[in-house]
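Working through the structure, step by step
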Amino acid sequence: MVSYHFSRRKVQLLAAFIFLIFNTLAHARSPFRTEEPGTPTITTYWLGDSKKHALSSFYLQEGALFHLYDARYFDTKKLTSAPISYRYQLENHVDGAVLSALIEKLLIELCAKKPHLTDFTILKKRDFNFKNHTGFLVAKFKDYPFVLKLFITTPEQFLKPFDYGFESCCFFIMGGGVNRYLSGFTRLRNLDRLQKLVAQNTEWSDKVEFPRKWYWEPMEQKKLIIEGENIGAVGKKQTITLPSIYALVCDEVYIERTFSLTSSSDRDTALNLTNFLQQQVDPHINNYVIDDVTKKIALVDTEHFPTMVGLDQPKPCTDYVSWYLSLSLKMWNNSFMRTKKQRLAHQRRSKEDMNFFASFF
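Parameters and conventions
Residues numbered from 1 in each chain as written. Predicted model: local features only at pLDDT ≥ 70, side-chain atom pairs only at ≥ 80, totals over all residues. Heavy atoms only, no water. Phe/Tyr/Trp six-rings, centres within 6.5 Å; stacked < 30°, edge-to-face > 60°. Buried < 20%, exposed > 50% of the residue type's maximum accessible area, 1.4 Å probe, protein only. Lys NZ or Arg CZ within 6 Å of the ring centre and 35° of its normal. Patch = residues over 30% accessible without salt bridge, like charges linked within 9 Å, V, L, I, M, F, W, Y side chains within 5 Å. Areas by Shrake-Rupley, 256 points an atom, 1.4 Å probe, with all protein chains shown as cover. Salt bridge = Lys/Arg side-chain N within 4 Å of Asp/Glu carboxyl O. Helix = DSSP H or I, 4+ residues; strand = E, 2+ residues; numbered from the N terminus. Expected span 1.5 Å × (residues − 1). Core = buried A, V, L, I, M, F, W, Y, C linked by side-chain atoms within 4.5 Å. Contact = heavy atoms within 4.5 Å. 1 Å grid on protein atoms, 1.4 Å probe; cavity = no way out; pocket = protein on both sides within 12 Å on 5 of 7 lines; lining within 4 Å. Points joined across faces, edges and corners; volume = space filled by probe spheres on them. Nonpolar A, V, L, I, M, F, W, Y, C, P; charged D, E, K, R; others polar. Pairing = 2+ DSSP bridges. Axes fitted to C-alpha atoms, helices over the stretch in contact; angles between N-to-C directions.

Some points on the packing of aromatic side chains
One pass over the full model with this rule turns up 22 aromatic pairs. Summarising the aromatic geometry, the rings of F128 and F130 are spaced 4.9 Å apart at their centres and angled 70° between planes, so their arrangement reads as edge-to-face. Judged by its relative accessible area of 7%, F128 is buried. Residue class for F130 comes out partly exposed when judged on its relative accessible area of 27%. In textbook terms, an aromatic cluster arises when at least three aromatic residues are bridged by ring pairs, as seen for Y69, Y73, F74, F136, F151, F158, Y181, F185, Y215 and Y246. When the ring centre of Y45 is taken as origin, the NZ or CZ atom of K52, which lies over that ring, is 4.6 Å away. Lying across the ring of Y73, R189 places its NZ or CZ 4.2 Å from the centre.

This is the structure:
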């Protein structure tokens with residue numbers, strides 16, 4: 001019988017240490033060695049600005065960089081100024097314009113040397129850099145039952161995935177250059193697909209629910225330009241314009257309890273649901289919660305997991321130990337075990353050659 005009692009902090013520290021050692025070995029190169037011809041390269045800059053930043057890396061791939069943002073799609077999901085009913089109290093509502101004004105105020109407060117948030121309570125700040133005001137921040141509206149997931153980047157910080165911790169490093173390597181900012185764009189479209197899958201299944205339709213989500217952008221902001229070269233094909237050039245700031249406004253969920261690794265029933269339920277959804281949500285046990293009001297499983301995090309870790313095909317998950325080992329092995333293989341021929345073939349794939357991108361986006 002496998003024991004799940006371990007120090008998470010110790011495991012994280014050990015994993016981080018191993019990664020730093022291996023990453024140093026993997027990326028060390030002679031200063032006399034010239035750049036490989038056809039190396040994938042991205043250049044970032046503000047729209048209308050001549051100052052540019054560039055990054056060349058054999059990890060960069062087309063799908064993660066140029067096919068996650070669809071302006072027309074997000075226009076259909078935008079938070080409007082109209083009234084929004086509460087999740088649990090449908091007779092109560094707040095105007096979307098009120099929530100939008102509070103988010104605009106939050107952006108101003110975050111720029112202060114010592115941020116004091118008047119209308120929000122921070123729930124997660126691990127992936128946010130308060131020094132340069134970029135990254136991923138989760139906060140709750142103090143006066144309304146909604147949660148904000150805020151994404152901010154700049155041309156310079158977009159090219160610094162290793163500034164945001166161990167997970168960010170792994171996602172960049174396994175996901176073809178993806179980061180939290182880019183993966184945030186997958187949450188709404190993935191929500192649409194997950195809802196359809198669950199609604200059509202008799203086993204899960206009465207057991208699983210999804211909080212609502214709305215897309216938001218500030219009234220004024222700088223636009224980020226990303227130019228790619230040799231990504232998808234040698235000599236291929238492509239450009240995309242992205243918002244430097246965006247957010248998701250989500251229903252607050254009253255949580256009765258979070259699933260636990262120490263419960264065999266919780267593990268079995270989470271894995272069965274994960275496999276049914278083809279690992280299109282992160283199977284991490286803490287992502288599954290029981291709604292205190294409806295008593296259903298609430299899937300709060302709808303980030304497209306295959307995008308984050310570069311899964312090309314659904315990979316059935318039988319237990320958490322083997323699942324984490326398989327991801328660790330993938331990280332190892334992506335970093336060290338691919339031949340030059342395999343690496344070049346992998347990074348030059350188009351969107352259509354990737355199972356999850358081709359069928360999902």
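Structure's up, so let's keep going.
Details of a nonpolar patch on the surface
Residues L329, W332 and M337 make up a contiguous nonpolar surface patch of about 300 Å² in total accessible area. Take L329: it is sitting in helix α10 (residues 320-337).

Considerations on helix α7 (residues 186-199)
In this model, α7 (14 residues) spans 20 Å end to end at C-alpha, consistent with the 20 Å of a helix rising 1.5 Å per residue. For α7, the complete set of buried residues consists of T186, R187, L188, N190, L191, L194 and V198.

Side note on the nonpolar core
F158, Y181, L182 and F185 are the most contacted members of the largest nonpolar core, which has 63 residues in total. A per-element tally of this core places helix α5 (residues 166-174) first, with five residues. In this view, Y181 contacts F151, T153, F158, L224, L242, P243, S244 and Y246; residues no more than four positions away in its chain are not counted. In terms of nonpolar packing, the next biggest core, distinct from the first, is built from 25 residues, L110, L137, F141 and F146 among them.

As for the pattern of salt bridges
The full count for this structure, using the stated rule, is 21 salt bridges. In this structure, the salt-bridge partner of K78 is D75, at a minimum N-O distance of 3.5 Å. You can call K78 partly exposed: its relative accessible area is 36%. The residue D127 makes a salt bridge to K124 at a minimum N-O spacing of 3.8 Å.

A closer look at empty space enclosed by the protein
Taken as a whole and judged by the stated rule, the model has three cavities of 30 Å³ or more. One number sums up the size of the largest cavity: a volume of about 160 Å³. Around the largest cavity, the lining comprises 15 residues; the ones closest to its centre are G135, Y164, N179, R180 and Y181. Looking at the lining of the largest cavity, the elements that each hand over two or more residues are β7 (134-141) and α6 (180-183). It is β7 that provides the largest number of residues to the lining of the largest cavity, a total of three residues. Class assignment of the residues belonging to the lining of the largest cavity gives a composition of six nonpolar, six polar and three charged.

Regarding α5
With respect to burial, α5 is a largely interior element, seven of its nine residues being buried. For α5, the complete set of buried residues consists of S168, C169, C170, F171, F172, I173 and M174. Backbone geometry just downstream of α5 places G176 in the positive-phi region, at approximately 75°.

Side note on the sheet that holds strand β12 (residues 237-243)
Read from one edge of the open sheet, four strands run β2-β1-β11-β12, paired in antiparallel fashion. With partners counted over all chains shown, the strands left at the sheet margins are β2 (53-56) and β12, one partner each. Recorded for the sheet is a direction-independent mean angle of 20° between the axes of neighbouring strands. As paired strands, strand β1 (residues 41-46) and strand β11 (residues 223-229) are joined by six bridges and run antiparallel to one another. Each residue of the ladder has a partner; that of I42, found in β11, is G228.

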